[in-house]
Amino acid sequence: MNPTPVEQKADVLYTADLHGSRELYAEAVALARRLGVRAVILGGDLAPHATVVEQRGFFQGFLLPLLREFREEKDSPDIFYIMGNDDWRANLPVLLDSGIDRFHHVHCVVRPFQGASWIAGLGSVSLTPFALKDWERWEEGLEGPVRHDGFRSREDGSVQPFDFRGREWEEWIGRDLEVIGRELKPDRSPLVCAFHGPPHGTALDLIHGEVHVGSREVRKFLEARQPLLSLHGHIHESPAVSGRFADRLGSTICVNPGQRMGSTLHAVWFRLEDLEGSLTHSLLGPAKLDAPAT
Ligand SMILES: [Fe+2]
């Protein structure tokens, strides 16, 4: 039994980076039930770190049956999801063709959310030191131990070598953000973003040693568009390093719940009409946000 924090009714539950942990998924579903949310958002890195075939087995054998059963419960929430950089894209059709009602993939699209708002998703992240490159994209100013070569999966499930060098602009993360930007008609507000990678230079993109590894392009997008809320993941340790799971970029509240494998679920919940007053972390409690800049 998790003694903290107080679980009040909420509209939305967000978590990310469950990486195939059956225990954490079960915890997320149980928490969504207790909170009575109307939407659950899964912010990428859904499957265990494994081969294409093994990840497909996880989706078919565990995650989709779990979510199908959950969705069949009376008044169960809509489920929104993106894949993350550790999910082989070749398995996306398995999720898209699941037949689960109100199970929405939101990568590079803008969809209605909770009646009076909108949600936009982005699975893409800037280059990492890892080999799985399906969801990685290039951007200027990359620092640290990034790797340009690796592997991408194809629709037939095969995996091929891939190298970003020489195709940087073709693979620019800004292209995906432009796709979202084109769908953002002026009346599509308020907006909630679910972008796997956090914005650069915030409390949400810190690795050990206090190095910022988030995306500068994601940050530019958020600063220009000023969504109500921006939900992230990817940098599991950032809340532990910065001591915060929420930060501000202008009028946007940005969140990364973090995740530590094998421990209690890191998740946040909130009510959209009182975001600041209700934003709560499953382990860290209510958000402590600085006053907005004037
Ligand atoms: Fe992750």
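Preceding this paragraph is the structure being described.
Structural notes, computed from the coordinates. Computed from a predicted structure; not experimentally measured.

Looking at helix α4 (residues 173-183)
Item 1. For α4, the complete set of buried residues consists of I173, G174, D176, L177, I180 and G181. Down the axis of α4, the sector holding all buried residues measures 155°, keeping them to one side.
Item 2. Summarising the contacts, the buried residues of α4 are in contact with β5 (110-113), β6 (117-122), β7 (125-126), β8 (136-137), β11 (191-195) and α5 (216-225).

A look at unusual backbone geometry
Item 1. Here the residue pair S189 and P190 is connected by a cis peptide bond, since its omega of -5° sits within 30 degrees of zero.
Item 2. Checked against the element boundaries, P190 lands in the loop between α4 and β11.
Item 3. We note that D75 has phi near 60°; this positive angle belongs to a residue other than glycine.
Item 4. In this structure, D75 sits in the loop between α2 (52-71) and β3 (78-82).
Item 5. The backbone of H234 shows a phi angle near 75°, a positive value even though the residue is not glycine.
Item 6. As for its placement among the helices and strands, H234 is situated in the loop between β14 (229-231) and α6 (238-242).
Item 7. For H234, a relative accessible area of 15% translates into the label buried.

What to know about the sheet that holds strand β18 (residues 280-281)
Item 1. Strand order in the open sheet formed by seven strands is β4-β3-β2-β1-β17-β18-β19, and the pairing between neighbours is mixed. Two strands bound the open sheet, and with one partner strand each, they are β4 (103-105) and β19 (285-286).
Item 2. Inspection of the sheet shows β18 paired to β19 by two bridges, in the antiparallel sense. For H281, the partnering residue across the bridge sits in β19 and is G285.
Item 3. In this fold helix α1 (residues 22-35) packs onto β1 (12-15), β2 (39-43) and β17 (268-270), with an angle of close to 165° to the strand it touches most, β1.

A few points about the coordination of the iron ion
Item 1. Protein ligation of the iron ion involves D17 (OD), H19 (NE2), D45 (OD) and H236 (NE2), the donor distances falling in the range 2.1 to 2.2 Å.
Item 2. Within one chain, the residues donating to the iron ion are spaced in sequence as D-x1-H-x25-D-x190-H. With D17 in the loop between β1 and α1 and D45 in the loop between β2 and α2, this pair connects stretches of sequence that are 28 residues apart.
Item 3. A residue is classified by how much of its surface remains accessible, and D45, at 3% relative accessible area, is buried.

Remarks on the sheet that holds β14
Item 1. Pairing is mixed in the open sheet, where six strands are placed in the order β5-β6-β11-β14-β16-β15. Pairing within the sheet leaves two strands with one partner each, and these edge strands are β5 and β15 (246-249). The mean angle between the axes of side-by-side strands here comes to 25°, regardless of whether they run parallel or antiparallel.
Item 2. Across the sheet, α4 is in contact with β5, β6 and β11; its angle to β6 comes to roughly 165°.

Calculation notes
Residues numbered from 1 in each chain as written. Predicted model: local features only at pLDDT ≥ 70, side-chain atom pairs only at ≥ 80, totals over all residues. Heavy atoms only, no water. Buried < 20%, exposed > 50% of the residue type's maximum accessible area, 1.4 Å probe, protein only. Helix = DSSP H or I, 4+ residues; strand = E, 2+ residues; numbered from the N terminus. Arc of directions from axis to C-beta. Contact = heavy atoms within 4.5 Å. Pairing = 2+ DSSP bridges. Axes fitted to C-alpha atoms, helices over the stretch in contact; angles between N-to-C directions. Donors = N, O, S within 2.8 Å, 3.2 Å for Na, K, Ca; no water.

So, to be careful, I would describe these as geometric facts and stop short of saying anything about function.
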